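One letter stands for each residue in the lines below.
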Amino acid sequence: MSFSADVKNELTQNISSACCYKAEAFGMLLYGRAFGITEISLMTESKEVAERYSSFIRDLTGITPTTDVTKAGNYKIYIPDRADRLKILNFFGYTGKELALRINLSNLEQTNDDCCSRAFLRGAFLVCGSITDPEKDYHIEFTVAKAKLCDDLVQIIGDMGLKCKKIIRNNSFVVYSKEAESVEDFIGSMGANNAFMEIVRTRAMKDIKNQINRRSNFEAANMSRSIEAGLKQVAVIEEILKKISLEDMTKDLSQLCTLRLENPDTSLDELGQMMTPPLSRSAISRRFKKLEKIAQELEAK
Ligand SMILES: [Zn+2]
(Lines give C-alpha, C1' and ligand atoms only; values in the text may rest on other atoms or scores of the structure.)
Protein backbone atom coordinates (compact mmCIF):
# COMPACT_ATOMS: atom_id res chain seq x y z
CA MET A 1 0.00 0.00 0.00
CA SER A 2 1.25 3.53 -0.73
CA PHE A 3 2.19 5.87 2.11
CA SER A 4 -0.76 8.07 1.15
CA ALA A 5 -3.16 5.13 1.41
CA ASP A 6 -1.65 4.23 4.80
CA VAL A 7 -2.19 7.76 6.08
CA LYS A 8 -5.80 7.78 4.87
CA ASN A 9 -6.37 4.42 6.43
CA GLU A 10 -5.02 5.70 9.72
CA LEU A 11 -7.19 8.82 9.50
CA THR A 12 -10.34 6.75 9.00
CA GLN A 13 -9.63 5.06 12.37
CA ASN A 14 -9.94 8.45 14.04
CA ILE A 15 -12.98 8.82 16.23
CA SER A 16 -14.47 12.26 15.72
CA SER A 17 -15.85 13.90 18.85
CA ALA A 18 -19.46 15.11 18.74
CA CYS A 19 -18.69 18.64 17.54
CA CYS A 20 -16.16 17.44 14.94
CA TYR A 21 -18.42 14.80 13.44
CA LYS A 22 -20.37 17.21 11.29
CA ALA A 23 -17.21 19.16 10.41
CA GLU A 24 -15.40 16.12 9.06
CA ALA A 25 -18.47 14.92 7.18
CA PHE A 26 -18.79 18.39 5.64
CA GLY A 27 -15.13 18.33 4.52
CA MET A 28 -15.64 14.97 2.82
CA LEU A 29 -18.84 16.00 1.07
CA LEU A 30 -17.74 19.47 -0.04
CA TYR A 31 -14.37 18.31 -1.42
CA GLY A 32 -15.64 15.01 -2.84
CA ARG A 33 -16.40 14.54 -6.50
CA ALA A 34 -19.62 16.54 -6.51
CA PHE A 35 -21.71 18.41 -3.96
CA GLY A 36 -24.74 20.04 -5.57
CA ILE A 37 -28.37 19.58 -6.46
CA THR A 38 -27.60 17.63 -9.67
CA GLU A 39 -25.04 15.35 -8.05
CA ILE A 40 -23.61 14.46 -4.68
CA SER A 41 -20.92 11.84 -5.11
CA LEU A 42 -17.49 10.53 -4.24
CA MET A 43 -15.02 8.35 -6.16
CA THR A 44 -12.33 6.65 -4.10
CA GLU A 45 -9.94 3.72 -4.21
CA SER A 46 -10.30 3.19 -0.49
CA LYS A 47 -12.99 0.99 0.99
CA GLU A 48 -12.48 2.62 4.40
CA VAL A 49 -12.91 6.13 2.97
CA ALA A 50 -16.02 5.00 1.06
CA GLU A 51 -17.53 3.54 4.22
CA ARG A 52 -16.74 6.61 6.27
CA TYR A 53 -18.41 8.88 3.67
CA SER A 54 -21.52 6.69 3.59
CA SER A 55 -21.86 6.38 7.33
CA PHE A 56 -21.47 10.13 7.84
CA ILE A 57 -24.34 10.78 5.45
CA ARG A 58 -26.45 8.02 6.96
CA ASP A 59 -25.84 9.05 10.58
CA LEU A 60 -26.39 12.76 10.03
CA THR A 61 -29.30 12.77 7.58
CA GLY A 62 -30.83 9.28 7.70
CA ILE A 63 -30.25 8.89 3.95
CA THR A 64 -28.43 5.76 2.77
CA PRO A 65 -26.19 6.47 -0.24
CA THR A 66 -25.79 4.01 -3.11
CA THR A 67 -22.36 2.42 -3.55
CA ASP A 68 -21.12 0.94 -6.84
CA VAL A 69 -17.78 -0.76 -7.33
CA THR A 70 -16.21 -0.04 -10.73
CA LYS A 71 -14.35 -2.61 -12.82
CA ALA A 72 -11.07 -1.07 -11.68
CA GLY A 73 -12.09 -1.67 -8.06
CA ASN A 74 -12.89 1.95 -7.21
CA TYR A 75 -15.87 2.90 -5.12
CA LYS A 76 -18.50 5.31 -6.36
CA ILE A 77 -20.87 6.55 -3.70
CA TYR A 78 -23.78 8.76 -4.71
CA ILE A 79 -27.25 9.95 -3.85
CA PRO A 80 -29.58 9.00 -6.73
CA ASP A 81 -32.66 10.85 -5.50
CA ARG A 82 -32.99 14.62 -5.97
CA ALA A 83 -35.12 15.16 -2.84
CA ASP A 84 -32.47 13.33 -0.80
CA ARG A 85 -29.74 15.51 -2.29
CA LEU A 86 -31.69 18.62 -1.36
CA LYS A 87 -32.14 17.33 2.19
CA ILE A 88 -28.37 16.80 2.51
CA LEU A 89 -27.59 20.23 1.05
CA ASN A 90 -30.07 21.84 3.46
CA PHE A 91 -28.52 19.98 6.38
CA PHE A 92 -25.20 21.72 5.67
CA GLY A 93 -26.87 25.09 5.09
CA TYR A 94 -27.06 25.10 1.27
CA THR A 95 -30.09 25.61 -0.99
CA GLY A 96 -28.78 23.88 -4.10
CA LYS A 97 -29.05 27.21 -5.98
CA GLU A 98 -25.53 28.44 -5.15
CA LEU A 99 -23.66 29.60 -8.24
CA ALA A 100 -20.23 29.13 -6.70
CA LEU A 101 -19.82 26.82 -3.73
CA ARG A 102 -18.06 28.28 -0.70
CA ILE A 103 -17.25 26.78 2.67
CA ASN A 104 -20.21 27.37 4.99
CA LEU A 105 -18.32 28.11 8.19
CA SER A 106 -21.38 27.57 10.38
CA ASN A 107 -20.68 23.83 10.03
CA LEU A 108 -17.45 24.26 12.00
CA GLU A 109 -17.70 25.13 15.67
CA GLN A 110 -15.15 27.68 16.81
CA THR A 111 -13.17 25.95 19.56
CA ASN A 112 -9.89 26.86 21.22
CA ASP A 113 -7.97 23.96 19.75
CA ASP A 114 -9.42 24.30 16.23
CA CYS A 115 -10.73 20.73 16.58
CA CYS A 116 -13.50 21.23 14.02
CA SER A 117 -11.20 22.91 11.48
CA ARG A 118 -8.79 20.01 11.87
CA ALA A 119 -11.62 17.51 11.44
CA PHE A 120 -12.81 19.40 8.35
CA LEU A 121 -9.28 19.30 6.90
CA ARG A 122 -9.11 15.57 7.63
CA GLY A 123 -12.38 15.07 5.74
CA ALA A 124 -11.10 17.09 2.77
CA PHE A 125 -7.77 15.23 2.75
CA LEU A 126 -9.53 11.85 2.75
CA VAL A 127 -11.36 12.68 -0.47
CA CYS A 128 -9.01 14.98 -2.40
CA GLY A 129 -5.62 14.77 -0.70
CA SER A 130 -2.41 12.84 -1.17
CA ILE A 131 0.98 12.67 0.48
CA THR A 132 4.34 11.46 -0.80
CA ASP A 133 6.38 8.86 1.08
CA PRO A 134 8.74 10.92 3.28
CA GLU A 135 11.61 8.60 2.31
CA LYS A 136 11.32 10.08 -1.21
CA ASP A 137 10.14 13.64 -0.70
CA TYR A 138 8.09 15.93 1.52
CA HIS A 139 4.90 16.77 -0.30
CA ILE A 140 1.26 16.97 0.68
CA GLU A 141 -1.49 18.25 -1.57
CA PHE A 142 -5.22 18.73 -2.00
CA THR A 143 -6.63 18.76 -5.53
CA VAL A 144 -9.76 20.89 -5.81
CA ALA A 145 -12.00 21.22 -8.87
CA LYS A 146 -13.33 24.72 -8.13
CA ALA A 147 -11.37 27.94 -7.72
CA LYS A 148 -13.44 29.42 -4.89
CA LEU A 149 -13.35 26.21 -2.89
CA CYS A 150 -9.60 26.17 -3.36
CA ASP A 151 -9.28 29.74 -2.06
CA ASP A 152 -11.50 28.95 0.92
CA LEU A 153 -9.36 25.92 1.76
CA VAL A 154 -6.19 28.02 1.60
CA GLN A 155 -7.87 30.50 3.96
CA ILE A 156 -8.88 27.86 6.51
CA ILE A 157 -5.42 26.26 6.39
CA GLY A 158 -3.83 29.67 6.97
CA ASP A 159 -6.18 30.42 9.87
CA MET A 160 -5.03 27.18 11.50
CA GLY A 161 -1.43 28.42 11.31
CA LEU A 162 -0.39 25.92 8.64
CA LYS A 163 1.61 26.94 5.59
CA CYS A 164 0.60 26.13 2.02
CA LYS A 165 0.82 27.36 -1.56
CA LYS A 166 -1.52 27.08 -4.53
CA ILE A 167 -1.02 26.26 -8.22
CA ILE A 168 -3.24 25.44 -11.17
CA ARG A 169 -2.52 22.05 -12.73
CA ASN A 170 -4.52 20.32 -15.49
CA ASN A 171 -7.52 22.62 -14.93
CA SER A 172 -7.54 21.76 -11.26
CA PHE A 173 -6.55 23.89 -8.31
CA VAL A 174 -3.89 22.39 -6.12
CA VAL A 175 -3.14 23.41 -2.53
CA TYR A 176 0.21 21.99 -1.49
CA SER A 177 3.16 22.16 0.83
CA LYS A 178 6.68 20.90 0.21
CA GLU A 179 8.35 21.90 3.47
CA ALA A 180 9.13 19.02 5.78
CA GLU A 181 8.00 20.84 8.88
CA SER A 182 4.69 21.96 7.49
CA VAL A 183 4.00 18.51 6.03
CA GLU A 184 4.49 17.23 9.59
CA ASP A 185 2.16 19.92 10.91
CA PHE A 186 -0.56 18.97 8.43
CA ILE A 187 -0.37 15.31 9.33
CA GLY A 188 -0.26 16.05 13.05
CA SER A 189 -3.21 18.45 12.84
CA MET A 190 -5.34 15.94 11.01
CA GLY A 191 -4.66 13.34 13.70
CA ALA A 192 -2.51 10.72 11.92
CA ASN A 193 -0.16 10.18 14.88
CA ASN A 194 1.69 7.14 13.53
CA ALA A 195 2.35 8.80 10.19
CA PHE A 196 3.46 11.93 12.04
CA MET A 197 6.03 9.93 14.03
CA GLU A 198 7.22 8.23 10.86
CA ILE A 199 7.82 11.54 9.07
CA VAL A 200 9.59 13.03 12.11
CA ARG A 201 11.83 9.96 12.37
CA THR A 202 12.61 9.82 8.65
CA ARG A 203 13.54 13.48 8.65
CA ALA A 204 15.82 13.09 11.66
CA MET A 205 17.57 10.12 10.02
CA LYS A 206 18.13 12.07 6.83
CA ASP A 207 19.64 14.92 8.85
CA ILE A 208 22.03 12.54 10.57
CA LYS A 209 23.16 11.03 7.27
CA ASN A 210 23.80 14.49 5.88
CA GLN A 211 25.79 15.48 8.95
CA ILE A 212 27.92 12.35 8.79
CA ASN A 213 28.66 12.96 5.13
CA ARG A 214 29.84 16.45 5.95
CA ARG A 215 32.19 15.57 8.81
CA SER A 216 35.64 14.01 8.96
CA ASN A 217 36.11 10.32 9.65
CA PHE A 218 37.39 10.92 13.17
CA GLU A 219 34.44 13.05 14.13
CA ALA A 220 32.14 10.64 12.38
CA ALA A 221 33.44 7.74 14.47
CA ASN A 222 32.78 9.65 17.69
CA MET A 223 29.46 10.78 16.46
CA SER A 224 28.41 7.35 15.35
CA ARG A 225 28.92 6.02 18.90
CA SER A 226 26.50 8.54 20.38
CA ILE A 227 24.18 8.11 17.42
CA GLU A 228 24.20 4.37 17.98
CA ALA A 229 23.15 4.91 21.58
CA GLY A 230 20.45 7.30 20.41
CA LEU A 231 19.18 4.87 17.79
CA LYS A 232 18.95 2.11 20.39
CA GLN A 233 16.80 4.39 22.50
CA VAL A 234 14.64 5.18 19.47
CA ALA A 235 14.19 1.43 18.91
CA VAL A 236 13.16 0.93 22.56
CA ILE A 237 10.64 3.78 22.30
CA GLU A 238 9.22 2.39 19.07
CA GLU A 239 8.77 -1.02 20.70
CA ILE A 240 6.89 0.60 23.56
CA LEU A 241 4.70 2.66 21.21
CA LYS A 242 3.61 -0.50 19.44
CA LYS A 243 1.91 -1.56 22.65
CA ILE A 244 0.88 1.63 24.44
CA SER A 245 0.45 5.25 23.42
CA LEU A 246 2.29 8.34 24.64
CA GLU A 247 -0.78 9.36 26.63
CA ASP A 248 -0.45 6.21 28.72
CA MET A 249 2.97 7.31 30.02
CA THR A 250 3.87 9.83 32.69
CA LYS A 251 4.29 13.34 31.31
CA ASP A 252 8.08 13.45 31.60
CA LEU A 253 8.51 10.05 29.93
CA SER A 254 6.21 10.90 27.04
CA GLN A 255 8.01 14.23 26.60
CA LEU A 256 11.36 12.45 26.58
CA CYS A 257 10.11 9.89 24.04
CA THR A 258 8.87 12.60 21.70
CA LEU A 259 12.14 14.56 22.02
CA ARG A 260 14.25 11.48 21.37
CA LEU A 261 12.21 10.49 18.30
CA GLU A 262 12.60 14.01 16.95
CA ASN A 263 16.30 14.15 17.84
CA PRO A 264 17.82 10.67 17.59
CA ASP A 265 21.39 12.04 17.49
CA THR A 266 21.22 14.55 20.33
CA SER A 267 23.39 13.95 23.41
CA LEU A 268 21.81 13.20 26.78
CA ASP A 269 22.99 16.60 28.08
CA GLU A 270 21.26 18.41 25.26
CA LEU A 271 18.10 16.31 25.62
CA GLY A 272 18.06 17.24 29.30
CA GLN A 273 18.18 20.93 28.38
CA MET A 274 15.27 20.49 25.97
CA MET A 275 12.99 19.07 28.68
CA THR A 276 10.56 21.30 30.58
CA PRO A 277 11.65 21.61 33.31
CA PRO A 278 15.28 20.86 32.30
CA LEU A 279 16.86 17.65 33.63
CA SER A 280 20.44 16.59 34.29
CA ARG A 281 22.26 14.03 32.19
CA SER A 282 21.96 11.42 34.92
CA ALA A 283 18.24 12.07 35.33
CA ILE A 284 17.79 11.54 31.59
CA SER A 285 19.88 8.40 31.74
CA ARG A 286 17.71 7.03 34.58
CA ARG A 287 14.59 7.68 32.55
CA PHE A 288 15.95 5.77 29.57
CA LYS A 289 16.71 2.85 31.93
CA LYS A 290 13.10 3.06 33.05
CA LEU A 291 11.92 3.03 29.43
CA GLU A 292 14.04 -0.07 28.77
CA LYS A 293 12.38 -1.73 31.73
CA ILE A 294 8.92 -0.78 30.46
CA ALA A 295 9.80 -2.22 27.05
CA GLN A 296 10.95 -5.48 28.65
CA GLU A 297 7.82 -5.72 30.76
CA LEU A 298 5.58 -5.09 27.75
CA GLU A 299 7.56 -7.65 25.79
CA ALA A 300 6.98 -10.25 28.52
CA LYS A 301 3.21 -9.68 28.56
ZN1 LIG B 1 -14.76 19.93 17.09
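Notes on the structure follow. Quick caveat: nothing in here was measured; it's all calculated off a predicted structure. (Residues numbered from 1 in each chain as written. Predicted model: local features only at pLDDT ≥ 70, side-chain atom pairs only at ≥ 80, totals over all residues. Heavy atoms only, no water.)

### Details of the packing of helix 5 (residues 115-128) against helix 7 (residues 180-190)
Next, step 1: The contact between helix 5 and helix 7 brings their axes to 8 Å, and the two run at 105 degrees. The pairing of helix 5 with helix 7 is recorded here as roughly perpendicular in orientation. From helix 5, Arg118, Leu121, Arg122 and Phe125 reach across to helix 7, where they touch Phe186, Ser189 and Met190. (Axes fitted to C-alpha atoms, helices over the stretch in contact; angles between N-to-C directions. Helix = DSSP H or I, 4+ residues; strand = E, 2+ residues; numbered from the N terminus. Parallel < 35°, antiparallel > 145°, perpendicular 65-115°, else oblique. Contact = heavy atoms within 4.5 Å.)

### What to know about the pairing of strand 4 (residues 75-78)
Next, step 1: Of the two faces of strand 4, the one holding Tyr75 and Ile77 is buried and the one holding Lys76 and Tyr78 is not buried anywhere.
Next, step 2: Bridge analysis of strand 3 (residues 66-69) against strand 4 gives four bridges, and the strand direction is antiparallel. Looking at strand 4, one finds that Asp68 is bridged to Lys76.
Next, step 3: The hairpin turn running from strand 3 into strand 4, its antiparallel successor, is five residues long, and Gly73 in that turn takes a positive phi close to 90 degrees. (Buried < 20%, exposed > 50% of the residue type's maximum accessible area, 1.4 Å probe, protein only. Pairing = 2+ DSSP bridges.)

### As for the sheet that holds strand 7 (residues 165-169)
Next, step 1: Pairing within the open sheet is antiparallel, and its four strands lie in the order 5-6-8-7. Only two strands of the sheet have a single neighbouring strand rather than two, namely strand 5 (129-131) and strand 7. Ignoring strand direction, the axes of neighbouring strands in this sheet form an average angle of 25 degrees.
Next, step 2: Here strand 7 runs beside strand 8 (residues 172-177); their pairing, made up of five bridges, is antiparallel. Pairing of Lys166 across the sheet is with Val175, part of strand 8.
Next, step 3: Each of strand 5 and strand 6 (140-144) touches helix 5; the most contacted strand, strand 6, lies at about 80 degrees to it.
Next, step 4: Here helix 6 (residues 147-159) sits on the sheet in contact with strand 6, strand 7 and strand 8, set at roughly 15 degrees to strand 8.

### Description of the coordination of the zinc ion
Next, step 1: The zinc ion binds to the protein through Cys19 (SG), Cys20 (SG), Cys115 (SG) and Cys116 (SG); the donor distances cover 2.3 to 2.4 Å.
Next, step 2: The coordination sphere of the zinc ion comprises four donor atoms, whose angles at the metal cover 98 to 121 degrees; the geometry is tetrahedral.
Next, step 3: Along the chain, the residues donating to the zinc ion are arranged with the sequence spacing C-C-x94-C-C.
Next, step 4: Under the relative-accessibility criterion, Cys116 is labelled buried at 0%. (Donors = N, O, S within 2.8 Å, 3.2 Å for Na, K, Ca; no water. Tetrahedral: all angles 85-135°; square planar, octahedral: opposite > 155°, others 65-115°.)

### A closer look at helix 12 (residues 281-300)
Next, step 1: Look at helix 12: 29 Å from first C-alpha to last across 20 residues, which is about the 28 Å you get at 1.5 Å a residue.
Next, step 2: For helix 12, the full list of buried residues reads Ala283, Ile284, Arg287, Phe288, Leu291, Ala295 and Leu298. Down the axis of helix 12, the smallest arc covering the buried residues is 140 degrees, so these residues share one side. Facing away from the buried surface of helix 12 by more than 90 degrees, the exposed residues are Arg286, Lys289, Lys293, Gln296 and Ala300. (Expected span 1.5 Å × (residues − 1). Arc of directions from axis to C-beta.)

### Quick word on the pattern of salt bridges
Next, step 1: Going through the model one piece at a time under the given rule, you end up with 14 salt bridges.
Next, step 2: Note that Glu239 is salt-bridged to Lys242, the shortest N-O span being 2.9 Å. Residue Glu239 and its partner Lys242 are located together in helix 9 (residues 217-243), separated by three residues, close to a single helical turn.
Next, step 3: With relative accessibility at 34%, the residue Glu239 sits in the partly exposed group.
Next, step 4: Residue classification places Lys242 among the exposed positions, given a relative accessible area of 64%. (Salt bridge = Lys/Arg side-chain N within 4 Å of Asp/Glu carboxyl O.)

### Points about unusual backbone geometry
Next, step 1: Following Thr276, the chain continues to Pro277 via a peptide bond in cis, the omega torsion being -10 degrees.
Next, step 2: Along the polypeptide, Pro277 turns up in the loop between helix 11 (268-274) and helix 12.
Next, step 3: Within the chain, Asp114 stands out as a residue other than glycine whose phi angle is a positive 55 degrees.
Next, step 4: Looking at the secondary structure, you find Asp114 in the loop between helix 4 (82-91) and helix 5.

### Examining the sheet that holds strand 4
Next, step 1: A sheet is described by the order of its strands in space; here four strands give the open sequence 1-2-4-3, paired in antiparallel fashion. One side of each edge strand has no neighbouring strand; the edge strands of this open sheet are strand 1 (34-35) and strand 3.

### What to know about empty space enclosed by the protein
Next, step 1: In the structure shown here, the tally under the stated rule is one cavity of 30 Å³ or more.
Next, step 2: Here the largest cavity defines a volume of roughly 40 Å³.
Next, step 3: Glu239, Ile240, Lys243, Ala295, Leu298 and Glu299 together form the lining of the largest cavity. (1 Å grid on protein atoms, 1.4 Å probe; cavity = no way out; pocket = protein on both sides within 12 Å on 5 of 7 lines; lining within 4 Å. Points joined across faces, edges and corners; volume = space filled by probe spheres on them.)

### Looking at the nonpolar core
Next, step 1: Core analysis: the largest hydrophobic core is formed by 63 residues, its most contacted members being Leu30, Tyr31, Phe35, Phe120 and Phe142.
Next, step 2: Per element, the largest residue contribution to this core is ten residues, and it comes from helix 5.
Next, step 3: Ignoring sequence-local partners within four residues, the contact set of Leu30 consists of Phe35, Tyr94, Leu101, Arg102, Ile103, Phe120 and Leu149.
Next, step 4: In this structure, Val234, Leu259, Leu261 and Leu298 belong to the second largest nonpolar core, which totals 22 residues. (Core = buried A, V, L, I, M, F, W, Y, C linked by side-chain atoms within 4.5 Å.)

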